[in-house]
Every structure is written in structure tokens, then in C-alpha cells.
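# Observations on chain architecture
What follows is each chain in one-letter form.
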Amino acid sequence: MKSIWAVVPAAGSGRRLGGEIPKQYREIAGAPLMEHTLQALLASPDVRGIVVALDPSDRRADAINSLADVRVQTVAGGAERAHSVLAGLDLLAEDASDEDWVLVHDAARPCLPLKSLTALIDCARAEGEGAILAAPVSDTLKQVDDSAKVTRTVDRSVLWRAQTPQLFPLIKLRRALRQCLEEIGDVTDEAMAMEWAGETVHVVEGPPSNIKVTVEADLAYVDMMLRAEREPLT
Ligand code: CTP
Ligand code: MG
């Protein structure tokens, strides 16, 4: 692992959250949501540079201070998240070395602790294989049929919810993501493409607060978490 880069997909329109402003630009804890996310990555000395995929028609990005950081570049995103990630990987591939790694992290996950980011990097370094942050499932899980009747209780001890960042060798991820998109079409995270390519993916436990802001209630939750982090309760 020579250098570690980051790709941050931030070109979505936030349909499920609604409202006029895409969620990555919504103000939380005193700054646009994406600002918290970029600061969380910039806090790590292991991250050499970040490529942020943006919707080029959106001028709101001009107000994001972190986008002016010397370690940050931008690229035009695509129709789906995976296309935006691929655009970032393509840009990095122009200059990166064959041994470089990349971590992909959703712009919509602003509560990433440095401790978790470091634990993820340490795991990938130690194993020499890809790794993702993920959280164990705590609810009892039911499988249901077409008429919404429970057919069985699923063993939750083997189930984890995938989070980001997800850290992989740059060249392998780029190839896997491109091929997986061509053959399957719908790729919801980077690990899925790597699994499909037959690669091992390790999980590192991420905090429950590392949520992807998706619906309105999530905004209030991350606002509270980010403020609490800044002013720890004594
Ligand atoms: N994303 C992206 N390019 C897209 C779609 C999504 O870069 N074409 C980014 C989003 O900006 C977000 C991350 O991928 O940071 C996770 O996607 P999601 O939570 O689904 O965001 P949206 O697609 O914006 O929201 P929705 O699905 O509700 O429209
Ligand atoms: Mg989406």
C-alpha cells in the first residue's frame, strides 16, 4: 500500500430526503453536511488526496470551503452512485501508482470518527486485502412472503450492515466496478463489485452514528451527534 486516496460521491439529488437543496449541502451543526464529511477525511494524515464527484450543474459547491483544500480535487459525477465513484477512480488512475489504494466514502455520512477511519486503514494494511466499515445488526430479523407473513426468523449473528468508507486497491476496484456495472448494472457499494470479482472483503466494526443521511429525521440525529462531538458532555 503506497498512498491512500479517497473518492467521495456527492453528485446525488437526495430524492428520498426531498426539499430544494440536495442533502449534501443542507446546513447541519453550523456547516454544509458535506463539509463535515470532507473534514473527517482530511483529519487523517494517511489520506493523500480526495476526489469529490459533484453534479456539475450545481453551483452550491462553490460555498464548500474544504473543496479549496490543496488535497481536494473535483470531478463530474454520473447518473448513479457507482458512475460517480468510477469517475473519481478514473481521475485518480491518471496519476496513481499500481500499489495505491483508495477509500470510497459517501458525502452523506458526516459522522465518521478518525478512530474508525484509522482502524479501517490498519486492518487493510495488516491483511493486505480490502476492508469496509460495517455495523452488526441488532434487531431480530424476519423473512416474509408476498403477503407480508413471516416465514422465518433469520440468524442475525452473520449479518452486518455495510457502511463507508470502503478501502480497496485502486486498480482492482476500478476494474471490478467497471465490469460489475457492465454485467449486473446495479452496484450499490464497492464491496459488492469486489465480492463479485472474487476478492476477499474484511469488515471492521463502525459506530452506529456513521449513518448515511437518507430521510429528514436523519438530519436532526447527525446534527446532534456532530454538536455533541464538538462539545463533549461532562
Ligand atoms: N451519489 C452520487 N452520484 C449519484 C447518486 C448518488 O455521487 N448519481 C452520492 C450521493 O450524493 C451520496 C452517496 O452517493 O453522497 C450515497 O447515495 P444516496 O444516499 O442514495 O444519495 P442520493 O442518491 O442523493 O439520495 P436518493 O437516493 O434519496 O436520491
Ligand atoms: Mg441514491
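Preceding this section is the structure that the text describes.
I will try to describe carefully the structure that is included in this document. Note that the structure is a prediction, hence the values are computed from the model and not measured.

So, about the overall build of the protein. Each helix and strand counted, the protein has six helices and 11 strands in total. Whereas a compact globule of 234 residues would reach a radius of gyration of roughly 17 Å, the protein reaches 18 Å, a difference of no more than 12%. Considered along the principal axes of its C-alpha atoms, the protein spans approximately 55 × 40 × 40 Å. Counting across all 234 residues of the protein, residues that qualify as buried make up 48%. By element, 49% of the accessible surface of the protein is carried by carbon and sulfur atoms, the whole surface being about 12100 Å².

Glancing now at the site of ligand 1. The full set close to ligand 1 counts 19 residues, and Ala-11, Gly-14, Arg-15, Ser-84 and Lys-212 are the nearest of them. The backbone of Ala-10 places a nitrogen or oxygen atom 3.2 Å from an oxygen atom of ligand 1. Within the backbone of Ala-107, a nitrogen or oxygen atom sits 3.3 Å from an oxygen atom of ligand 1. Starting from 570 Å² of accessible surface for ligand 1 in isolation, the protein chains cover 91%. Broken down by secondary-structure element, the contributors of at least two residues to the shell around ligand 1 are strand S1 (4-10) and helix H2 (81-93). Here the residues of the shell around ligand 1 are counted per class, giving six nonpolar, six polar and seven charged.

To continue, consider the environment of Pro-136. Relative to the helices and strands, Pro-136 is located in strand S7 (residues 130-136). Placed 25 residues apart in sequence, Pro-136 and Arg-161 show a C-alpha to C-alpha distance of 6.2 Å. Discounting chain neighbours no more than four positions away, the residues touching Pro-136 are Leu-159, Trp-160, Arg-161 and Glu-205.

Attention shifts here to the environment of Val-215. Following the sequence through the fold, Val-215 ends up in the loop between strand S11 (201-205) and helix H6 (216-230). Here Val-215 falls in the partly exposed class, since its relative accessible area comes to 40%. Along the chain, Val-215 and Ala-79 lie 136 residues apart, while their C-alpha atoms are 21 Å from each other.

Residues in a regular strand point their side chains to alternate faces of the sheet. Across the two faces of S11 the burial differs, with His-202 and Val-204 buried and Val-201, Val-203 and Glu-205 not buried at all. When S7 meets S11, the two strands line up parallel, connected through five bridges. Within S11, the residue paired with Gly-130 across the bridge is Val-201.

This next bit is on unusual backbone geometry. A cis amide bond, omega 5°, links Thr-164 with the succeeding residue Pro-165. The backbone phi angle of Ala-29 is positive, close to 45°, even though this residue is not glycine. The topology assignment puts Ala-29 in the loop between strand S2 (27-28) and strand S3 (31-32). Of note in the backbone geometry, Ala-148 takes a positive phi value of approximately 60° without being a glycine.

Before going further, it helps to spend a moment on the packing of H2 against helix H4 (residues 170-183). In contact at an axis separation of 10 Å, H2 and H4 are set at 140° when each is read in the N-to-C sense. Two packed elements cross with a definite hand, and for H2 against H4 that hand is left-handed. For the pair H2 and H4, contact is made by Ala-82, His-83, Val-85, Leu-86, Leu-89, Asp-90, Leu-92 and Ala-93 and by Leu-170, Leu-173, Arg-174, Leu-177, Arg-178 and Leu-181, respectively. Class assignment for the residues of the contact of H2 with H4 results in 10 nonpolar, one polar and three charged.

What follows concerns the nonpolar core. Met-34, Ile-50 and Val-52 are the most contacted members of the largest nonpolar core, which has 31 residues in total. Met-34 has contacts with Ala-10, Gln-24, Tyr-25, Val-52, Leu-54, Ile-64 and Ala-107, leaving out every residue within four places of it along the chain. Val-75, Leu-86, Val-104 and Val-187 belong to the second-largest nonpolar core, a separate cluster that totals 27 residues.

Calculation rules
Residues numbered from 1 in each chain as written. Chains lettered and ligands numbered in written order. Predicted model: local features only at pLDDT ≥ 70, side-chain atom pairs only at ≥ 80, totals over all residues. Heavy atoms only, no water. Helix = DSSP H or I, 4+ residues; strand = E, 2+ residues; numbered from the N terminus. Rg over C-alpha atoms; globule rule 2.2 N^0.38 Å. Buried < 20%, exposed > 50% of the residue type's maximum accessible area, 1.4 Å probe, protein only. Areas by Shrake-Rupley, 256 points an atom, 1.4 Å probe, with all protein chains shown as cover. Near = heavy atom within 4 Å. Polar contact = N/O pair within 3.5 Å; in protein donor to acceptor, adjacent residues only side chain to side chain. Nonpolar A, V, L, I, M, F, W, Y, C, P; charged D, E, K, R; others polar. Contact = heavy atoms within 4.5 Å. Pairing = 2+ DSSP bridges. Axes fitted to C-alpha atoms, helices over the stretch in contact; angles between N-to-C directions. Left-handed = near helix turned anticlockwise from the far one by under 90°. Core = buried A, V, L, I, M, F, W, Y, C linked by side-chain atoms within 4.5 Å.

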